[in-house]
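One letter stands for each residue in the lines below.
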Amino acid sequence: MKIKKFINSQKVAPYVFVLPFVLSFFFFWVYPLITAFTMSFQDIGAIKSDWIGFANYAKLLKDNVFHVAVFNSVKYMFFTLVLLIPFPMLFAVLLDSHLVKAKGVWKAILYMPALTSVVISGTLFRLMFTEYTTGQMNMITAALGLGTYKWLKMGWSGMIALLIIACWRWTGVNMLYFLSGLKSIDSSLYEAADIDGASGWQKFKFVTLPLLKPTTVYVLTISVYAGLSMFLESYMLWAGNSSPNNIGLTIVGYLYKRGIEKNDMGYACAVGVVLLVVALIINFAQLIMNGTFKKGED
């Protein structure tokens, strides 16, 4: 209302306020997207660019390194969904209950990793997972009698390292999303459940979970994209884009390698377009299964 009164008093056309957002959307999203899609059909050289049709995409189908990058990204995305949705939801429910005291302190502790630079945190985790006996992870496993490991030279342990970074960094963020969703649930519903003699698990199953569905769908949607587009954590963990046998190579990492390191921008754009299509397919599929579009139609 204040904005509307200001517009009327100053006799300013409403489009003056909308125009900057439209221009930003066009120049920072639509234009780069169209440009990248166009470049994916080109062989871009230092002086000129030649149209080569679907040659870059045909090359992707035979590129084993790209297949490894896709597999790594999809596997990473799957495990982050398994870890970074139920556990943050559980923490949010606990913090929203009367079982936890000093809630503000716990929120700050869990959210603080998200404020840490990925460059710094990635370097610290690389030192933690070093193959030397002085690394924290090897010190822990040695103390437990499990020996030492070359954590960043094996596929399973490298993925564990990436997942630990992801959980350390994003658990607090997702927890705050779920906390905001819990605040929107009417407390009278829990009171009615108490009157009916519902247990804590029944209240969580029949009240909390269904009413948290919009928040869960949102967190799921952004987590799919975040999982598929992960790059900097892997880059810092292996101190570059060349992990042993490509165990840490992701789709964005391969895009960086072909586009920046090898100056093959046309092929890199094709990788980016495939990443966008994969992310859209997965997200649209889960939105359809969650009934999001049906709600919009009702």
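Use the structure listed above.
Here the structure is a predicted model, which is why all the values come from computation and not from measurement.

1. Description of unusual backbone geometry
So, point 1. If you check the backbone angles, Ala102 has positive phi at about 55° while not being a glycine.
So, point 2. In this fold, Ala102 is placed in the loop between helix H5 (86–96) and helix H6 (103–111).
So, point 3. Judged by its relative accessible area of 47%, Ala102 is partly exposed.
So, point 4. For Asn245, which is not a glycine, the phi torsion comes out positive at approximately 55°.
So, point 5. Secondary-structure assignment places Asn245 in the loop between helix H13 (232–237) and helix H14 (251–261).
So, point 6. Assessed through its relative accessible area of 73%, Asn245 is described here as exposed.

2. Regarding a nonpolar patch on the surface
So, point 1. A grouping of Val18, Leu19, Val22, Leu23, Phe26, Phe27, Phe28 and Tyr31 is seen on the molecular surface, where their side chains present a nonpolar patch of about 830 Å² in accessible area.
So, point 2. With respect to the helices and strands, Phe26 occurs in helix H2 (residues 15–39).

3. Details of the nonpolar core
Here is a general trend for soluble globular proteins: nonpolar side chains tend to be buried in one another's company.
So, point 1. In this structure, Leu60, Phe178 and Tyr254 are the most contacted members of the largest nonpolar core, which totals 33 residues.
So, point 2. Secondary-structure elements contributing two or more residues to this core are helix H3 (55–62), helix H4 (64–84), H5, helix H9 (155–183), helix H12 (213–228), H14 and helix H15 (265–289).
So, point 3. It is H15 that contributes the most residues to this core, six residues altogether.
So, point 4. Those residues in contact with Phe178 that sit more than four places away from it in its chain are Ile85, Pro88, Met89, Ala92, Leu212, Thr215, Thr216 and Val219.
So, point 5. Judged by nonpolar contacts, the second largest core, of 17 residues, contains Met159, Ala161, Leu237 and Ile247.

4. What about the packing of aromatic side chains?
So, point 1. Summed over the entire model, instances satisfying the criterion amount to 20 aromatic pairs.
So, point 2. Ring plane angle 10° and centroid distance 5.5 Å describe the contact between Phe25 and Trp29, whose orientation is recorded as stacked. With a gap of four residues between them, Phe25 and Trp29 both fall in helix H2, about one helical turn apart.
So, point 3. Among the residues examined, Trp29 registers a relative accessible area of 49% and is labelled partly exposed.
So, point 4. Between the aromatic rings of Phe66 and Tyr254, the centroid separation amounts to 6.1 Å while the plane-to-plane angle is 40°, which identifies the pairing as tilted. Highlighted residues: Phe66 in helix H4 and Tyr254 in helix H14, separated in sequence by 188 residues.
So, point 5. These aromatic residues form a ring-pair network of at least three members: Phe125, Phe129, Tyr149, Trp151, Trp156 and Trp168.
So, point 6. The ring centre of Tyr267 lies 4.8 Å from the NZ or CZ of Lys59, which sits over that ring.

Thresholds applied
- As a convention, each chain's residues are numbered from 1 in the sequence order in which they are written.
- In keeping with the model being predicted, local features are shown solely for residues with a pLDDT of at least 70 and side-chain atom pairs are shown and tallied solely at 80 or more, while totals for entire chains, interfaces and linings include all residues.
- No hydrogens and no water enter the side-chain calculation; it runs on all heavy atoms of the structure.
- A run of H or I in DSSP becomes a helix once it reaches four residues, and a run of E becomes a strand once it reaches two; helices and strands are each numbered from the N terminus.
- Burial classification: accessible surface area is computed with a 1.4 Å probe over protein chains only, and a residue below 20% of its type maximum counts as buried, one above 50% as exposed, and the rest as partly exposed.
- To count toward a patch, a residue needs a relative accessible area over 30% and no salt bridge; like charges are then connected within 9 Å, while nonpolar side chains (Val, Leu, Ile, Met, Phe, Trp, Tyr) are connected within 5 Å.
- Throughout, the Shrake-Rupley method with a 1.4 Å probe supplies accessible areas, and for residues the shown protein chains are the sole cover considered.
- In the sections that follow, a salt bridge refers to a side-chain nitrogen of Lys or Arg positioned within 4 Å of a carboxyl oxygen of Asp or Glu.
- For the purposes of this section, nonpolar cores are sets of buried Ala, Val, Leu, Ile, Met, Phe, Trp, Tyr and Cys residues that join through side-chain atoms within 4.5 Å.
- By definition in these notes, contact holds between two residues if any of their heavy atoms fall within 4.5 Å.
- Under the pairing criterion, centres of Phe, Tyr and Trp rings, with the six-membered ring standing for Trp, must be within 6.5 Å; the plane angle then separates stacked pairs below 30 degrees from edge-to-face pairs above 60, leaving the rest tilted.
- The rule for a charge over a ring is simple: NZ of Lys or CZ of Arg within 6 Å of the ring centre, and within 35 degrees of the ring normal.

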